[in-house]
Each structure stands twice: as structure tokens, then as C-alpha cells.
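Close look at the chain arrangement
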Amino acid sequence: MLVKVILSADLHELIGAEILNVSLPENSTVKDLILRLGSLNNAILKLLLRNDELNENYIVIVNGRDIHWLNELNTALHDGDEVLIAPKAFIS
């Protein structure tokens, strides 16, 4: 499946793109997506994950909904989903 990922602030600088189409296996989660991004640049993992949870300074929005209100990092992704990852300060 393909997921559209929008990275803002320091994140897109680490990857070298603001928008990516990321290929993931079926039944992937937000955590799987972050791990995939980490394979492109390990610094992404250090920024986004703390003790296997989302760093409190970042926000992940799937199709307009904050994963905090869904299933956190275990939020399921589907083909065509749009995921925004940004520092909270960038959003507020």
C-alpha cells in the first residue's frame, strides 16, 4: 500500500523532501511508518520515538485526526492515507 507522508520543519530536512509516498505492507501501523522513515535517516527515530512511544513534542495526524485520539502508534494505516508528522510547536 502507498501512504502519503507530509513532513514539516526539521523532519523534511532530514529526509530531503516535504512530501513522500511511502510503500508499506498491508496492516501497517503509524509505528511501522516511523520505522520505515527511520530506515531513510536514523535521526528520525531519535526525534520521534522515546521509550517506544511518540515523543511528546511531535504530533502525527492521519487523515486529519490526531493519533492521540485514535490508537496512538498502533493506529492502522490504509492505502491512500495521508499522514502529517510535525513538531507540536509548528502546529500551534
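Residues numbered from 1 in each chain as written. Predicted model: local features only at pLDDT ≥ 70, side-chain atom pairs only at ≥ 80, totals over all residues. Heavy atoms only, no water.

Take the pairing of strand 1 (residues 2-7) next. Burial along strand 1 is one-sided: Val-3, Val-5 and Leu-7 are buried, and none of Leu-2, Lys-4 and Ile-6, which face the opposite way, are. Bridge count between strand 1 and strand 2 (residues 19-23): five bridges; the pairing is antiparallel. What sits directly across from Lys-4, in strand 2, is Asn-21. Bridging between strand 1 and strand 7 (residues 82-87) involves four bridges; their strand directions are parallel. When the sheet's bridge partners are listed, Val-5 is paired in strand 7 with Val-83. (Buried < 20%, exposed > 50% of the residue type's maximum accessible area, 1.4 Å probe, protein only. Helix = DSSP H or I, 4+ residues; strand = E, 2+ residues; numbered from the N terminus. Pairing = 2+ DSSP bridges.)

Summarising the model, the protein shows a mean pLDDT of 94, and 97% of its residues fall at 70 or more. Across the protein, element-level confidence peaks in strand 1 with a mean pLDDT of 98 and bottoms out in helix 4 (residues 88-91) with 75. (pLDDT = per-residue confidence, 0-100.)

Another point: the nonpolar core. Judged by nonpolar contacts, the single largest core of 24 residues is most densely connected at Leu-37, Leu-77 and Ile-85. When contributions to this core are tallied by element, the ones reaching two or more residues are strand 1, helix 1 (10-15), strand 2, helix 2 (30-40), helix 3 (42-48), strand 5 (58-62) and strand 7. In this view, Leu-37 contacts Val-5, Leu-7, Ile-15, Leu-20, Val-22, Ile-44 and Ile-85; residues no more than four positions away in its chain are not counted. (Core = buried A, V, L, I, M, F, W, Y, C linked by side-chain atoms within 4.5 Å. Contact = heavy atoms within 4.5 Å.)

Along helix 2, the positions that sit buried rather than exposed are Val-30, Leu-33, Ile-34, Leu-37 and Gly-38. Take helix 2 and look down its axis: the buried residues cluster within an arc of 145°, on one side only. (Arc of directions from axis to C-beta.)

In this section: the pattern of salt bridges. Enumeration according to the criterion identifies two salt bridges in this entry. The residue Lys-4 makes a salt bridge to Glu-82 at a minimum N-O spacing of 3.7 Å. Linking Lys-4 in strand 1 with Glu-82 in strand 7, this pair joins segments that are 78 residues apart in sequence. The partly exposed category is assigned to Lys-4, whose relative accessible area is 32%. (Salt bridge = Lys/Arg side-chain N within 4 Å of Asp/Glu carboxyl O.)

Once that is clear, we can look at the pairing of strand 7. Where a strand is regular, its side chains alternate between the two sheet faces. Bridge count for strand 5 against strand 7 is five bridges, and the pairing is antiparallel. In the sheet register, Tyr-58 faces strand 7, and the bridge partner there is Pro-87.

What the five strands build is an open sheet, ordered 2-1-7-5-6; its pairing is mixed. Of all strands in the sheet, those with a lone pairing partner are strand 2 and strand 6 (65-66), marking the two edges. In this fold helix 2 packs onto strand 1, strand 2, strand 5 and strand 7, with an angle of close to 110° to the strand it touches most, strand 2. (Axes fitted to C-alpha atoms, helices over the stretch in contact; angles between N-to-C directions.)

Another point: the environment of Leu-40. Note that Leu-40 resides in helix 2. Spatially, the C-alpha atom of Leu-40 lies 16 Å from that of Ser-8, the residues being 32 residues apart in sequence. With residues up to four places along the chain from it excluded, the contact list for Leu-40 reads Ile-15 and Leu-20.

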